[in-house]
Amino acid sequence: MRRGIAILGSTGSIGTQAIEVCLRHPDIFSIELLTAKQNSKLLIEQALKVQPNAVVIADESKYQEVNDALSGEDIKVFTGIESVNSLVQGESIHIVLTAMVGFSGLEPTISAIKAGKAIALANKETLVAAGDLVISLAKESGSPIIPVDSEHSAIFQCLQGERSKAEKLILTASGGPFLKKSIKDLQNVTISDTLNHPNWKMGSKVTVDSATMMNKGLEMIEAKWLFNMKPEDIDIVIHPQSIIHSMVQFKDGSVTAQMSSPDMKLPIQYALSYPNRLELNTKRINFTEIGRFDFMEPDREKFPCISIAYDAILKGGNIPCAMNAANELAVEAFLRSDIQFTSIHKVTQEVVNGTMFVAKPKLSDIIDTDRTARIEAAEIINKLKAK
Ligand code: MG
């Protein structure tokens, strides 16, 4: 039987690559559902090509356009984020790929987990904001969560067939575009400097997160939940070549690594085809051409977001959720030229400091914390803007 796939966030970087992966293996994958926030043009194009059962355009003002364009097709058209929550529970869907940006991924993911679907997790913010809740729901329903994030896919691959728990996880980081810049230089970096990532082509949110290294902080929290590890047993190491995607250390001192040329199609495909591997035309590694691998410790003074993330997960409860919300708003504000690059971490830290602690947040607490943190962040951003 073919695997029925729902792609949430199909018009983004991960979504478009996931469609390519599925179309290359039509005997294995059948795309059942595509959802997009507002890129109606690309969603229509994808739907005509892929012929899914249904599409969702979350932005209601774009519904008419999508519905008209697909009126001659056997494709149901829906709008509103609530429809995503019910459609992911459809019988023909086996795997839900969560590739939307930010906190918006949480509720559809929970809904898919409640229906026992396998989750191909590309939305790290889901676990950052509500890791405890999501992991316990997945245990209850028996939903497997397979990581799509390249570092977590690497760790997941390193753990295949292992019976011992990992002693340490080593998350590799490219270091982003500002690895060699000084703290002073960072004051004046532009949006285009920030979006110019040396090794990976990704969406703008994660590319800015890579530049501040908040991405690695979010990934550390994601790894804690996915692999049931203590934050202090998760290390971050800069590896500028981006060939080793992460490593696992065991109690006998053995370290396993997963390597490949940086290409997101690999972790996307592995999450969808797991436990099988399928052919993929990635660029093969030529070790003698690469010549060397470098490793260094990240500079936490230059990239304070790393410490903000470790502090947040050590405090636990709803604090990582507040951190995530503030960071999302700060990144958006930076991309609108409302604040400087170096204000991103300041906004985030200030919101975290002002958050009312909830030790064991329920979903309603998580949603409240997210909303409050966004209001706080917007106020801080407005003050910075006025200066
Ligand atoms: Mg990653």
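Residues numbered from 1 in each chain as written. Predicted model: local features only at pLDDT ≥ 70, side-chain atom pairs only at ≥ 80, totals over all residues. Heavy atoms only, no water.

(A) Spotlight on the coordination of the magnesium ion. Within the first shell, the magnesium ion binds the protein through Asp149 (OD), Glu151 (OE) and Glu219 (OE), at distances of 2.0 to 2.2 Å. Judged by relative accessible area, which is 10%, Asp149 ranks as buried. With a relative accessible area of 8%, Glu151 lands in the buried category. (Donors = N, O, S within 2.8 Å, 3.2 Å for Na, K, Ca; no water. Buried < 20%, exposed > 50% of the residue type's maximum accessible area, 1.4 Å probe, protein only.)

(B) Up close: the domain arrangement of the protein. Domain annotation for the protein reports domain 1 (3-147) and domain 2 (316-387). Distance from the C-alpha centre of domain 1 to the C-alpha centre of domain 2: 27 Å. Residue-level contacts link eleven residues of domain 1 with twelve residues of domain 2. When the buried area of domain 1 at its contact with domain 2 is split by residue, Phe103, Val128 and Ala129 rank highest and sum to 52% of it. At the junction of domain 1 with domain 2, the criterion picks out one salt bridge. Of the charged contacts in the structure, one is a salt bridge between Asp132 and Lys360, with a shortest N-O distance of 3.2 Å. Here domain 1 is connected to domain 2 by two residue pairs in polar contact (both at pLDDT 80 or more). With six residues, helix 6 (residues 124-141) is the single largest residue contributor to the side of domain 1 that touches domain 2. Of the residues belonging to the side of domain 1 that touches domain 2, the class tally is seven nonpolar, one polar and three charged. (Domains from an automatic or database assignment. Contact = heavy atoms within 4.5 Å. Buried area = accessible area lost by both parts, 1.4 Å probe. Salt bridge = Lys/Arg side-chain N within 4 Å of Asp/Glu carboxyl O. Polar contact = N/O pair within 3.5 Å; in protein donor to acceptor, adjacent residues only side chain to side chain. Helix = DSSP H or I, 4+ residues; strand = E, 2+ residues; numbered from the N terminus. Nonpolar A, V, L, I, M, F, W, Y, C, P; charged D, E, K, R; others polar.)

(C) Inspection of the environment of Lys41 at higher detail. Relative to the helices and strands, Lys41 resides in helix 2 (residues 40-50). Classification of Lys41 as exposed rests on a relative accessible area of 64%. A C-alpha to C-alpha distance of 7.9 Å links Lys41 and Val66, two positions 25 residues apart in sequence.

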